[in-house]
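This is what each chain is made of:
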Amino acid sequence: MACPVKVLIVDDSPSNLFALKIFLKNIDAEFVEASNGHDALQETLKHDFAVAILDVSMPEMDGYELARRIRKRKRTEDLPIIFLSAVYSDNYHVFKGYNSGAVDFLPKPFMPEVLTDKVLFFIKIYKQQVKLRKTIRALERTKVLVLEQNKILEELASQDMLTGLYNRRQLAKILKQEAEKSRCSGGDLSIIILDLDHFKKVNDTYGHDFGDYVIKEFAARILSCISDSDFAFRFGGEEFIVLLPQTDLHGATATAENIRRLCADKLFQNLPHTISMTVSIGVSSYRNNPPKQHKDMIRHADIALYHAKGNGRNRVSVYSGLIKPNASL
Ligand SMILES: [Mg+2]
């Protein structure tokens, strides 16, 4: 059940407070009473009010001062204030009331119906504001959810489903971004292309499930050999690419050799099948052979890969700029 709307009534006279509640008895609200300005301010810290009805003439802190203090606080700066006064109802005091933050000023005696209507109006506004705030909070929660889901979708769209590596679509984007970074920093950028040797035979002999296992296991071995700042992609069926920012040809060749060795030395075992696999690898670096376009780096590494394949597979071949495509095939 929703909490009742609260209305603050402040008057130093207990009989006035009593009378006010009688006047407003038809309003479905909880009336919180205060007999002086200090207590009233305390109540505004404890509750959210739809409207405050203040007596003007009160000892210690009069209604004007109380209204000014209510306006000063962030929490209550928009609280509608209605002044009731029998003594100060001339123009000067009415304007003084508005200047101190009142939205209405009712001289006594007033018709209870008029006050009831005004209070009902502010309660209606208050309820609309509460509803609006709830809607805003719900929208904010939805926005957070949508952003989270977009992030997940983005990750899924950039991933190869089988291996969890980046997919081919991400290569052009990341290559361009890393080439730009290297150009600005003056650092190097290397690329490694890896192709599992005779992989087709694995699928043909042991089936695609085992073939998938080999691909996943090889992807895991690649990841175990590279650093967090490197990027690994599944480029095609059994073809992979690693981008190594801030790494020269020497460093990339060492990484490629580690991957080659880890592939060849450790059996691929997923019962009932156990096989040995080798990989051929091509390496190229930005500084060693500056490409005309970023994508030429892939072509350079690919030429080196073909060289490795042509020289007996299970080896790392480095693009020197002198190797011609199919030169050794
Ligand atoms: Mg009074």
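What you are looking at is a predicted structure, and each value in this text was computed from that prediction instead of being measured.

For the rest of this paragraph, the subject is the coordination of the magnesium ion. Every protein donor of the magnesium ion is accounted for by Asp12 (OD), Asp55 (OD) and Ser57 (O), and the metal-donor separations fall at 2.0 to 2.3 Å. Counting gaps between the donor residues of the magnesium ion yields the pattern D-x42-D-x1-S. Judged by relative accessible area, which is 33%, Ser57 ranks as partly exposed.

Before going further, it helps to examine unusual backbone geometry. Across the junction of Lys108 and Pro109, the peptide omega takes the value -5°, indicating a cis bond. Its location among the elements puts Pro109 in the loop between β5 (104-107) and α5 (112-158). Between Leu271 and Pro272 the backbone carries a cis peptide bond, its omega angle lying at 10°. Among the secondary structure elements, Pro272 is positioned in the loop between β9 (268-270) and β10 (273-275). Its identity is not glycine, yet Glu60 carries a phi of approximately 65°, on the positive side. Of note, Glu60 is situated in the loop between β3 (51-55) and α3 (63-72). Look at Glu60 and you get exposed, because its relative accessible area is 78%.

A sheet is described by the order of its strands in space; here 5 strands give the open sequence β2-β1-β3-β4-β5, paired in parallel fashion. Since the sheet does not close on itself, it has two edges, and those belong to β2 (30-34) and β5, each with one partner. The sheet shows a mean angle of 20° between the axes of neighbouring strands, taken without regard to direction. Taken together, the 5 bridges between strand β1 (residues 6-10) and β2 define a ladder with parallel strand orientation. Paired with Leu8 across the bridge in β2 is Val32.

Bringing a positive patch on the surface into the picture now. Together, Arg133, Lys134, Arg137 and Arg141 make up a positively charged patch on the protein surface. Assignment of secondary structure puts Lys134 in helix α5.

Strand order in the open sheet made by the 5 strands is β7-β8-β6-β11-β12, with mixed pairing throughout. The open sheet terminates on both sides in strands that have one partner only, identified here as β7 (231-234) and β12 (316-318). For this sheet the average axis-to-axis angle between neighbouring strands, irrespective of direction, equals 20°. Alignment of β7 against strand β8 (residues 239-245), held across 4 bridges, turns out to be antiparallel. The residue of β8 that forms the bridge with Ala232 is Val242. Running over the sheet, helix α9 (residues 249-265) touches β6 (189-196), β8, β11 (279-285) and β12 and is turned about 170° from β11.

Calculation notes
Residues numbered from 1 in each chain as written. Predicted model: local features only at pLDDT ≥ 70, side-chain atom pairs only at ≥ 80, totals over all residues. Heavy atoms only, no water. Donors = N, O, S within 2.8 Å, 3.2 Å for Na, K, Ca; no water. Buried < 20%, exposed > 50% of the residue type's maximum accessible area, 1.4 Å probe, protein only. Helix = DSSP H or I, 4+ residues; strand = E, 2+ residues; numbered from the N terminus. Pairing = 2+ DSSP bridges. Axes fitted to C-alpha atoms, helices over the stretch in contact; angles between N-to-C directions. Patch = residues over 30% accessible without salt bridge, like charges linked within 9 Å, V, L, I, M, F, W, Y side chains within 5 Å. Areas by Shrake-Rupley, 256 points an atom, 1.4 Å probe, with all protein chains shown as cover. Salt bridge = Lys/Arg side-chain N within 4 Å of Asp/Glu carboxyl O. Lys, Arg positive; Asp, Glu negative; His and termini not counted. Charge placed at Lys NZ, Arg CZ, Asp CG, Glu CD. Contact = heavy atoms within 4.5 Å.

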